[in-house]
Amino acid sequence: MMRGTLADLRPVYVAGIGLHPYRRLSETPYVRLGLTAVRSALADAGLAWTDVDSAWTGTAGLGMAASRRMLRHLGATGIPMTQVENASASGSSAFRQACLEVAAGLADVSLALGVDKPSRVRAAPTGVAGLADRLVVPATHFALLADEYMDRHGVTAEQVAAVAVKNHRNGSRNPFAQRRKERTLQEVMDEPAVSGTLTRLQCCPIGEGAAAALVVSGEAVERLGLDPARCVGVTASAQRSERLYGTADPDTELTRETAGEAFRQAGITAADLDVVEVHDAFSIEELLYAEAIGLCGAGEAAGLLARGAFDVGGRCAVSPSGGLLAMGHPIGPTGVGQIAEITRQLRGEAGDRQQPGARTGLAHMLGVGAVCVIHVLQRLD
Amino acid sequence: MSTPCAEPALYGTGPGGEPVLYGLRCAACDRVSFPRQPYGCEACGSADGLPCELAATGTVRAAAEVHRHHDPRVPVPFTIVSVLLDDGPLIRGVHAGTARAGDRVRARLEPGGAVPDLLELRFATPASPAGPGGGA
């Protein structure tokens, strides 16, 4: 286990965020996507590229050496650049590396970038396969979890589909979202079934895009004259991998463990959370992880969702960006995009999807394997 | 049984001709797992795994009828089940009919899969109709 935490090191902040909209595959090279996000983040922070000490790029599908071949067009400053691949959590792990480097004092300003274009990514072949691995695609894996959840807690397929209704509503208010159309429950349910009770709109779109976050130290805020009111503290960075959990769902149990570690680092509880972005690649996941994070007890998430507790304006806004379901899941950018959304929310700059009075947020991603990465962000004024 | 299995590393027939799953028992901690792998025990790290045969019977934890699959050679719909085996591991496999949580299931070896001349393992509930070519 890790012997130290972010809380043992000097404070770090998100000073700038930038995105290239998530969208379907286009002819645009990844270089353009990534540079759009980085330039936007630099402008947002009021930083120059020459102020940036290091760069971490989360990507799973671009191929080797993505960073330097893109970032040289901001000026070849010679800073260290590294690609980070952690499946769906690639961007989250890139952000974590940037936070750790700044917190450790090795850098004052570090760029966390996620950029990807859809490609035929595959997990590293282990040479071992189960009975139905070829047939059980992610939608079927989560359809099985949905079936088990509905059976155990007496929840209906419509109650699970309501996650997609909420997240499409949020996505319709997010100019960077891939799916920007509000959907009724009827529309979600009338879509073709993919697997089990999961319909197309309960499965995330995988497109292209980019997201960037600039992580800075307190010293950098002073030295570079940044606006402290727009800097959001990163008060926890937790990353774990799966253990054995008997017959319980590993992603849910891994989320529970990782969230517990993040809460200890930040000195908060789930009750303190105002905004949460979770790995809602499939609708059922949001219910499972809301419970695992501790927003409510087992089997309670569907009922709370129906009563508006997870809406923008509710007790805790879950996936205010639209989440993976509506904002999209371009893989590398996804985890950094969550950081961008939470930063925007905690600054009070989220417009018509603003969670009122948001002060504390959590970003959660899983990567197949499985790994889990959770960050807690807080307004510190 | 003379007809070969589609995945002989994963399953075959026991002494009485019944389908069995090829599992692994850790020599150090006794953990039973499926499928077999040569790398080491997930619970304790020991590389000493002993081959064992698992009864292909269990209880359905969850089921999903799959309507879309990216590979056009895979005919849809088909049913995938999570089965808690009587011998321990929770595994996933194909069900020959439709299933729901709580169903008792027993595997059978039957033709009619991707390679017609080979037998595939599918779970079935007592009331399930036989797959193409008849049941085992």
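In this numbering scheme, every chain counts its residues from 1 along its sequence in written order. Working convention: letters from A go to chains and numbers from 1 go to ligands, in the order in which they are written. Residues qualify for local features only when their pLDDT is at least 70, as the model is predicted, and side-chain atom pairs are given and counted only at 80 or more; totals for whole chains, interfaces and linings, by contrast, use all residues. The side-chain quantities take in all heavy atoms of the structure and omit both hydrogens and water.

On to the overall build of chain B, then. When helices and strands are tallied, chain B shows 0 helices and 9 strands. Helix and strand assignments follow DSSP, with helices taken as H or I runs no shorter than four residues and strands as E runs no shorter than two, numbered in order from the N terminus. Going from the N terminus to the C terminus, chain B shows its helices and strands as β-β-β-β-β-β-β-β-β. Taken over the C-alpha trace, chain B has a radius of gyration of 15 Å; the compact-globule value for 136 residues is 14 Å, and the two agree within 12%. Summarising its shape, the C-alpha atoms of chain B cover approximately 40 × 35 × 30 Å along the three principal directions. Residues classed as buried in chain B amount to 44% of the 136 residues present. Restricting the calculation to C-alpha atoms gives the radius of gyration, and the globule rule supplies 2.2 Å times the number of residues raised to the power 0.38. Buried means the residue's accessible area, taken with a 1.4 Å probe over protein chains only, is under 20% of the maximum for its type, while exposed means over 50%, and partly exposed covers the values in between.

Our focus in this paragraph is the sheet that holds strand E12 (residues 371-378) of chain A. All names here are of chain A. The strand order across the open sheet built from 10 strands is E3-E2-E4-E7-E1-E8-E12-E11-E9-E10, with neighbouring strands paired in mixed fashion. Single-partner strands in this sheet number two, and they are strand E3 (81-84) and strand E10 (317-318). Pairing geometry for strand E2 (residues 54-58) and E3, over 4 bridges, is parallel. Across the sheet, residue Gly 58 finds its bridge partner in E3, namely Val 84. Contact criterion: two residues are considered in contact whenever any of their non-hydrogen atoms come within 4.5 Å of each other. An axis is simply a line fitted to the C-alpha atoms; with a helix, the fit covers only the stretch in contact. Between two such axes, the angle follows the N-to-C directions and lies from 0 to 180 degrees. Across the sheet, helix H1 (residues 30-45) lies against strand E1 (12-23), strand E4 (109-116) and strand E7 (208-217), angled at about 145 degrees from E1, the strand it touches most. Any two strands between which DSSP finds at least two bridges are classified as paired.

Attention shifts here to empty space enclosed by the protein. All names here are of chain A. Both site types are read off a 1 Å grid over the protein atoms alone. A 1.4 Å probe that fits but cannot get out defines a cavity, while an open set with protein on both sides within 12 Å along at least five of seven lines defines a pocket; lining residues have an atom within 4 Å of a point. Grid points are joined across faces, edges and corners, and a volume is the space filled by probe spheres set on the points. Enumeration over the complete set of coordinates arrives at 2 cavities of 30 Å³ or more. Reported here for the largest cavity is a volume of approximately 50 Å³. Lining the largest cavity, in full, are Tyr 22, Glu 277, Ser 321, Gly 323, Leu 324, Met 327, Gly 328, Thr 334, Gly 337, Gln 338 and Glu 341. Elements with a contribution of two residues or more to the lining of the largest cavity: helix H11 (323-326) and helix H12 (332-347).

For the bond running from Phe 34 of chain B to Pro 35 of chain B, omega is 0 degrees, close enough to zero to count as cis. As for its position among the elements, Pro 35 of chain B is in the loop between strand E3 (32-33) and strand E4 (49-55). Here the residue pair Val 76 of chain B and Pro 77 of chain B is connected by a cis peptide bond, since its omega of -5 degrees sits within 30 degrees of zero. Position of Pro 77 of chain B among the secondary structure elements: in the loop between strand E5 (57-66) and strand E6 (78-85). Here Ser 319 of chain A, not a glycine, exhibits a phi torsion of approximately 55 degrees, which is positive. Since its relative accessible area comes to 0%, Ser 319 of chain A is described here as buried. The phi torsion at Asp 30 of chain B lies on the positive side, around 75 degrees, for a residue other than glycine. In this fold, Asp 30 of chain B is placed in the loop between strand E2 (19-26) and E3.

A word on the environment of Cys 204 of chain A. All names here are of chain A. Position of Cys 204 relative to the elements: it lies in the loop between strand E6 (198-199) and E7. Taking C-alpha positions, Cys 204 is 41 Å from Glu 222, a pair spaced 18 residues apart along the chain. Discounting residues that sit within four places of it in the chain, Cys 204 has contacts with Arg 179, Ala 281, Leu 324, Leu 325 and His 329.

All names here are of chain A. Contact geometry for helix H5 (residues 157-171) and helix H9 (residues 283-293): axes closest at 7 Å, N-to-C directions at 100 degrees. On the basis of the axis angle, H5 is roughly perpendicular to H9. Here Val 160, Val 163, Lys 166 and Asn 167 of H5 come into contact with H9, specifically with Ser 283, Ile 284, Glu 286 and Leu 287. As a working rule, the residues Ala, Val, Leu, Ile, Met, Phe, Trp, Tyr, Cys and Pro are called nonpolar, Asp, Glu, Lys and Arg charged, and the rest polar, with Gly in that last group. In terms of residue class, the contact of H5 with H9 is built from 4 nonpolar, 2 polar and 2 charged. Oblique is the label for every angle not falling under 35 degrees (roughly parallel), over 145 degrees (roughly antiparallel), or within 65 to 115 degrees (roughly perpendicular).

Another point: the environment of Ser 319 of chain A. Residues and elements named next belong to chain A. You can see Ser 319 is positioned in the loop between E10 and H11. Put simply, Ser 319 and Glu 341 are 22 residues apart on the chain and 9.0 Å apart in space, counted from C-alpha to C-alpha. If sequence neighbours within four positions are ignored, Ser 319 has contacts with Lys 166, Asn 167, Asn 170, Val 276, Glu 277, Val 278, Asp 280 and Glu 286. Within the structure, Ser 319 has its side chain in polar contact with the side chain of Glu 286 (distance 3.1 Å). Each polar contact in these results corresponds to two N or O atoms within 3.5 Å; when the atoms are within protein, one needs to be able to donate a hydrogen and the other to accept it, and residues that are neighboring in sequence are counted only if both atoms are side-chain atoms.

Let us now look at helix H3 (residues 90-103) of chain A. Residues and elements named next belong to chain A. Every helix has an expected span of 1.5 Å times one less than the residues it contains. With 14 residues, H3 ought to run about 20 Å at 1.5 Å a step, and its terminal C-alpha atoms sit 20 Å apart, in line with that. For H3, the tally of buried residues reaches 12 of 14 residues, placing the bulk of the element in the interior. When H3 is considered as a whole, its buried residues turn out to be Ser 90, Gly 91, Ser 92, Ser 93, Ala 94, Phe 95, Arg 96, Ala 98, Cys 99, Glu 101, Val 102 and Ala 103. Once H3 ends, the next one or two residues include Gly 105, with phi positive near 90 degrees.

So, on to the packing of aromatic side chains. All names here are of chain A. In summary, the pairing rule links any two rings of Phe, Tyr or Trp, Trp by its six-membered ring, whose centres are within 6.5 Å, and it sorts them by plane angle into stacked for under 30 degrees, edge-to-face for over 60 and tilted for everything else. This structure, assessed with the given rule, holds 1 aromatic pair over all chains. Seen in terms of ring centroids, Phe 142 and Phe 282 are 5.1 Å apart; in terms of plane orientation they differ by 20 degrees. Their pairing is stacked. Of this pair, Phe 142 sits in helix H4 (residues 138-153) while Phe 282 sits in the loop between strand E9 (275-277) and H9; the two residues are 140 residues apart in sequence, bridging distant segments of the chain. One exposure class covers both Phe 142 and Phe 282, and it is buried.

All names here are of chain A. Examined at the domain level, chain A breaks down into domain 1 (6-119 + 206-231) and domain 2 (138-193 + 233-378). As used throughout, domain bounds are those supplied by an automatic or database domain assignment. Put simply, the middle of domain 1 and the middle of domain 2, counted by C-alpha atoms, are 23 Å apart. Counting residues at the interface gives 44 residues for domain 1, matched by 38 residues for domain 2. Buried area adds together the accessible area that both of two parts lose upon being put together, with accessible area traced by a 1.4 Å probe. Both faces considered, domain 1 and domain 2 share a buried interface measuring about 3200 Å² in area, 63% of it formed by carbon and sulfur atoms. Each reported salt bridge corresponds to a side-chain nitrogen of Lys or Arg within 4 Å of a carboxyl oxygen of Asp or Glu. In this structure, the connection of domain 1 to domain 2 is made through 2 salt bridges. Between Glu 349 and Arg 230 there is a salt bridge whose closest N-O contact spans 2.8 Å. Linking domain 1 with domain 2 are 12 residue pairs in polar contact (both at pLDDT 80 or more).

The next point concerns the UniProt feature "domain: Thiolase N-terminal" (unreviewed entry) in chain A. In this structure's numbering, the residues bearing the UniProt feature "domain: Thiolase N-terminal" (unreviewed entry) are residues 25-179 of chain A. Summarising residues 25-179 of chain A: 43% helix, 11% strand, and an end-to-end C-alpha distance of 14 Å. UniProt positions are given in the numbering used here, feature names are shortened, and annotations may be inferred rather than shown by experiment.

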